[in-house]
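# Descriptive structure summary
Each chain is listed here by its residues.
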Amino acid sequence: MKKLALIIFFLGITSTGFCQLQSRSFETIDSLQQIQKRKTVVFIHTDWCQFCQRMKNTTFKNQGIIESLNSNFYFIDFNAEEKQNISFNNQVFKYQPSGNNVGVHELALQLGTMNNQIVYPVLCVLNEKNEIILQYNNYLNATDFKVLLEKLEE
C-alpha cells in the first residue's frame, strides 16, 4: 500500500511538471529556430494592467492552451517595463525611462505598437524569420485564444 501511494505521489509530481507553460527568452529564439522552425507567440504585459494579470491567471493556466503553446510554438512572457537590455534579431533593445520609475522597453514598443500606440495586453506572433505576422491588443479568454492558436497552426 505504501508503494502504491509513493508511485501515485511521484506520478503526480512529474505530470504537473509537464503541464506548465514553457516561457523562452528572446535571446534563445534564434538558436531554437535553427533546431525546429516554429512561430513565436509573445505576450507583452505590465504588472499594473489588470487585463494582463487576468490573462496570466486564467487564459495561460488553461491546460489546452499550455499544451498547444508548448507543442507548436515558442512562447515569450515579456514584461513591457523590463529594465534589462535584450539582444534579439541582431539588435540590442533597451529600457526607455520616461519619468520616475516609469518607462517602457524598446522591444515592447517595436512588437506591440499598433496605430502609433501600445495598449496592454498585446499578443504579437512572429514567423520563423522573426517577422511580425499578427498583433492583437486586447484581453483574450481561453476559448478565443484556442481559436486563434488553431488558426495559427494551419
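Located above this text is the structure these notes cover.
A brief report on the enclosed structure follows. The structure presented is a predicted model; accordingly, all values stated were derived computationally and were not measured.

### What about the side chain of Asn70?
Residue position: Asn70 is located in helix 4 (residues 63-72). A distance of 2.9 Å separates a polar atom in the side chain of Asn70 from the backbone oxygen of Gln20.

### Thoughts on the pairing of strand 8 (residues 132-136)
Remark: a regular strand shows side chains that alternate across the two faces of the sheet. In this structure, strand 7 (residues 122-126) lies alongside strand 8, joined through four bridges in antiparallel fashion. Looking at strand 8, one finds that Val125 is bridged to Leu134. The loop that links strand 7 with its antiparallel partner strand 8 comprises five residues; one of these, Asn130, has a positive phi angle of about 65°.

### A short note on the pairing of strand 2 (residues 73-79)
Summarising burial for strand 2: six of the seven residues are buried, a large majority. Where strand 1 (residues 39-45) meets strand 2, seven bridges bridge the pair, whose relative direction is parallel. In the strand pairing of strand 2, Val42 is matched with Ile76.

Here is what the cut-offs are and how they apply
- Residues numbered from 1 in each chain as written.
- Predicted model: local features only at pLDDT ≥ 70, side-chain atom pairs only at ≥ 80, totals over all residues.
- Heavy atoms only, no water.
- Helix = DSSP H or I, 4+ residues; strand = E, 2+ residues; numbered from the N terminus.
- Polar contact = N/O pair within 3.5 Å; in protein donor to acceptor, adjacent residues only side chain to side chain.
- Pairing = 2+ DSSP bridges.
- Buried < 20%, exposed > 50% of the residue type's maximum accessible area, 1.4 Å probe, protein only.

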